[in-house]
Amino acid sequence: MTTPHVNPAFIGDDGIDDMGMPYKMKNSNSEPPPKEPKEREQWGKGVEFLMSCIAMSVGLGNVWRFPFTALDNGGGAFLIPYLVVLFLVGKPIYYLEMIIGQFSSRGSVKVFDLCPAMRGIGYGQAFMVFLLGTYYESICAIIGFYLVNSFMNPLPWAKCRPEWGDHCMDSAPKQQLGNGSLLKDGLNALTKLQRSTDIMEEELVGTRNRTISSSELYFVKEVLREKKNINDGIGLPNWELVLGLFVSWLCVFAIIIKGVRSSGKASYFLAIFPYVIMAVLLIRAVTLPGSMDGIIYFIKPDWSKILDPTVWYAAVTQCFYSLSVCFGNIIMYSSYNKFGHNVHRDATIVTGLDTCTSLLAGFTIFGILGHLAHEIGTDDIRSVVKGGAGLAFISYPDAIAKFQSLPQIFSVLFFLMLFVLGIGSNIAMTSCTVTAVRDYFPKVKQWQCALGIATVSFCIGLAYVTPGGQFILTLVDYFGASMIALFLGIAELYVLGWAYGVDRLCKDAEFMMGRKVGAYWRLCWGVVTPVIMTSILVYFLATYTPLKYNDAVYPSWAYGIGWTITSFGILQVPIWIVVGTIRAPGSSWTMKLKNAFKPTNDWGPSDPLLREQYNKEIANEAISNQNLGCLGYIRKNIFG
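Bear in mind the structure is a predicted one, so any value in this text is a computation, not a measurement.

As for helix α3 (residues 76-104)
Link 1 in the chain: Helix length check: α3, at 29 residues, gives a terminal C-alpha distance of 41 Å against a target of 42 Å (1.5 Å per residue), a fit within 8%.
Link 2 in the chain: For α3, the tally of buried residues reaches 24 of 29 residues, placing the bulk of the element in the interior.
Link 3 in the chain: Positioned one or two residues after α3, Ser105 has a phi angle of 55 degrees, which is positive.

See the structure below:
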C-alpha cells in the first residue's frame, strides 16, 4: 500500500505552509542549506500542456512525412505495421517520457540524474533535436515561398511554362486557363498526354518516360532550382528562401521568448487551426475523379510486404517522427507540469489524435494521387509523383490548382496551415534545446538562449535553401535523426526499464498521480518495446546500403559528414559513462561505476517535502528487495 503523501498545493505563494512555517525552514539541518533555486515555470493551465503536445506531435511528420513514407512502403501494407508499432512502441514511450519529465521537473538532459552514467543519452538527443530544428525551418521557408505566391492569379504552378518542355501537363482544369484560348489549351493538353512516353530532360532525376504535372516542375525548377547531384558543391542559397528562413525563425523566437508562458498561449491556435483546413482539403480530395483508387491503394494491404523488415523499420522511424518520442521534447514539456497532473489521460489523447491525423492526411494525399493517376491515364499510383519531401509540395498544390473557384483562398489557407504545423513542431524542438542549456546555466535568460540558438540554426539552415539543399536535408535526416534516434531510444528504454527499473517507474507514477500502472505498460516498458526496437536496429545494421537521393549517389565527402554526425550523437553515451564514473562517489572504481548507475541524491519530486517522503518509501522498498535474487528481481520488475 502506498503511503498517502501531502499535496504541495497547500503551500501558499508567500512560501508559508498550513502550519505557519516558512517553506525554507523545512530543510534538514544535517546539510548546509542549499541555495534556494529559482522556481521552475509551469503551464498556465493543464490544457495548454495538452495543446502544446498536440501542436508538437501533430505536425509535418503527419502531413509531410507520413504520406510519402506510406507511398514508399506499399501504401496499405504500411498501415498494419504502423498501428502495431504505435501500440507497442509509440504509445508506451510517450507515456513513459511524460511520467519521468513531470515527476522530476527536469529537462531532457537533467532527467538522467536518475542514472548519471547515461546522461550521454540526453546530450545525444539534444544534439539530434537541434539538427532537426535546423532543417524543419528550411521546410517552413519553402512553405513560406508557396504562401506568398499563393496570392497570384493564376497560381504560378497551375499552368506549364514554355521553358519546361512538352512533357508538362497543366495542373489546373482547362476552363481555368481560358481567356479565349480554351480550345487551344485543350488540344495542347491532349498532345502532352500523347507524348507521355517521350524521354524527359536529363536534369530531372527519376522523371523519365512519364508526363509531369506543372506543380512538380514548378517545385523542382522554380522553388528548389534543384541540381542533378552535389559533386561540385551545393551552390548558393536562394535569396527568396533565405528570407522565408529568416521569417520562420523569427516566428519561433517570438513565441518562445518567454518560455511556456508565451508558447502555451500560442498552442491553442497552433493545435486547432490545422484541422479546419485539413477537413476542407479532404472533402475536396474525395470529390475528385479517380480519388477512390488512390484511397483504396492506401488502405489495401500488400500482404507480401507485411513481413518485410524494411516496412517495419519505416514504421518505427515514422512513429518516432510522428509522436516525437525519444527526442526529449515530451520530457521537456511535461517537466513544466504541476506535480500530480493526469499525464495518462493526455498521453492517450495525443497518441490517438496523432494517429487519426496521419490517417486523415493519408486519405487526402492518396485521394489526390488517385486523381493524378486518373488524369495521366495510369493505374500505377506509385508512379504518379516522386516521394520524399517534394510530395507535400507537389500533390497538395496540384489539387488546389484544380479548385473551380478562388483556388488562391484555399492555397493561402493550406500553406498557412502547413506553416503553422512546422512552427508548432519546431517550437518544441527549440524549447527542448533551450531548456537543456538553461537547466545547466540558469543565469542565462530565456530570450538570450532562444536568440542564440535561433541565430546559429538560421546560419546552418542556409545550406538547406541552396540548389543542393534537399541532398543535405536528406543526409541530415538520415544520419542525424533516424539513426541517432533509434540508437539512443533503445539505450533510453534499457536504462529506464532495467537500470532505473520498471517497478520503480510504476511506483513513481503511483506516488505522483495516485493510480496504479497496468500490466500492458509494464510488459511494454520492460520487454516488448526494447526487444522490438533492438530487432529493428539489428536489421538496419545488417542490411545497410549507402543513402541516395532521387537515385543519385552522394559523393564521398557527404557520406563522411553523415557518419561524423551519427558518431557525434552516439558517442555521447560512452563518453558520459566514463565522465559519470569519474564523478561518482566511491573508494574504488568498481564502487564508482556502480554508484554512477544509481540516481543522484536530489533525484525525485522538486518539492522538498514530497521528496523527503518519496525517499523514505524508496528506502523501505530497497530493504524489501534485498533478498530477491536475480530471477526474483526480474519477476518483480516486470510484474510487480
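Quick notes on the environment of Gly352
Link 1 in the chain: Within the element layout of this structure, Gly352 appears in helix α12 (residues 343-376).
Link 2 in the chain: Residue classification places Gly352 among the partly exposed residues on the basis of a relative accessible area of 32%.

Remarks on the confidence of the model for the protein chain
Link 1 in the chain: Averaged over every residue, the pLDDT of the protein chain is 82; residues scoring 70 or more account for 86%.
Link 2 in the chain: The weakest mean pLDDT in the protein chain belongs to helix α5 (residues 182-194) at 37; the strongest belongs to helix α19 (residues 572-583) at 95.
Link 3 in the chain: Low confidence marks residues 1-37, where pLDDT is under 50. Its contacts with residues over four positions away, or in another chain, come to 34 contacts.
Link 4 in the chain: Ignoring residues within four places in sequence, the model shows residues 178-209, a span with pLDDT below 50, making 48 contacts including any to other chains.

Concerning the side chain of Arg119
Link 1 in the chain: Counting through the fold element by element, Arg119 comes out in helix α4 (residues 119-149).
Link 2 in the chain: Those residues in contact with Arg119 that lie beyond four places of it in its chain are Val109, Phe112, Asp113, Tyr440 and Trp576.

Some remarks on the packing of α4 against helix α7 (residues 239-256)
Link 1 in the chain: The contact between α4 and α7 brings their axes to 8 Å, and the two run at 120 degrees. When you trace α4 past α7, the crossing you get is right-handed. For the pair α4 and α7, the contacting residues are Gly133, Thr134, Glu137, Ser138, Cys140, Ala141, Ile142 and Phe145 in the first and Glu240, Leu241, Gly244, Leu245, Ser248, Trp249 and Val252 in the second.
Link 2 in the chain: For the contact of α4 with α7, the class distribution of residues is 8 nonpolar, 5 polar and 2 charged.

Details of the pattern of salt bridges
Link 1 in the chain: Tallying each qualifying case throughout the model produces 14 salt bridges.
Link 2 in the chain: One salt bridge connects Arg225 with Glu240, and the closest N-O pair in it is separated by 3.3 Å. Here the residue Arg225 occupies a position in the loop between α6 (214-224) and α7, and Glu240 occupies one in helix α7, the gap between them amounting to 15 residues.

As for the state of the cysteines
Link 1 in the chain: Across all of its chains, the model carries 1 disulfide by this definition.
Link 2 in the chain: The side chain of Cys160 participates in a disulfide bridge whose partner is Cys168; the two sulfur atoms lie 2.0 Å from each other. Residues Cys160 and Cys168 are joined through a disulfide that is left-handed, its torsion about the S-S bond being -85 degrees. No difference in accessibility class separates Cys160 from Cys168, as the two residues are buried.

Scoring rules and cut-offs
Residues numbered from 1 in each chain as written. Predicted model: local features only at pLDDT ≥ 70, side-chain atom pairs only at ≥ 80, totals over all residues. Heavy atoms only, no water. Helix = DSSP H or I, 4+ residues; strand = E, 2+ residues; numbered from the N terminus. Expected span 1.5 Å × (residues − 1). Buried < 20%, exposed > 50% of the residue type's maximum accessible area, 1.4 Å probe, protein only. pLDDT = per-residue confidence, 0-100. Contact = heavy atoms within 4.5 Å. Axes fitted to C-alpha atoms, helices over the stretch in contact; angles between N-to-C directions. Left-handed = near helix turned anticlockwise from the far one by under 90°. Nonpolar A, V, L, I, M, F, W, Y, C, P; charged D, E, K, R; others polar. Salt bridge = Lys/Arg side-chain N within 4 Å of Asp/Glu carboxyl O. Disulfide = S-S within 2.5 Å.

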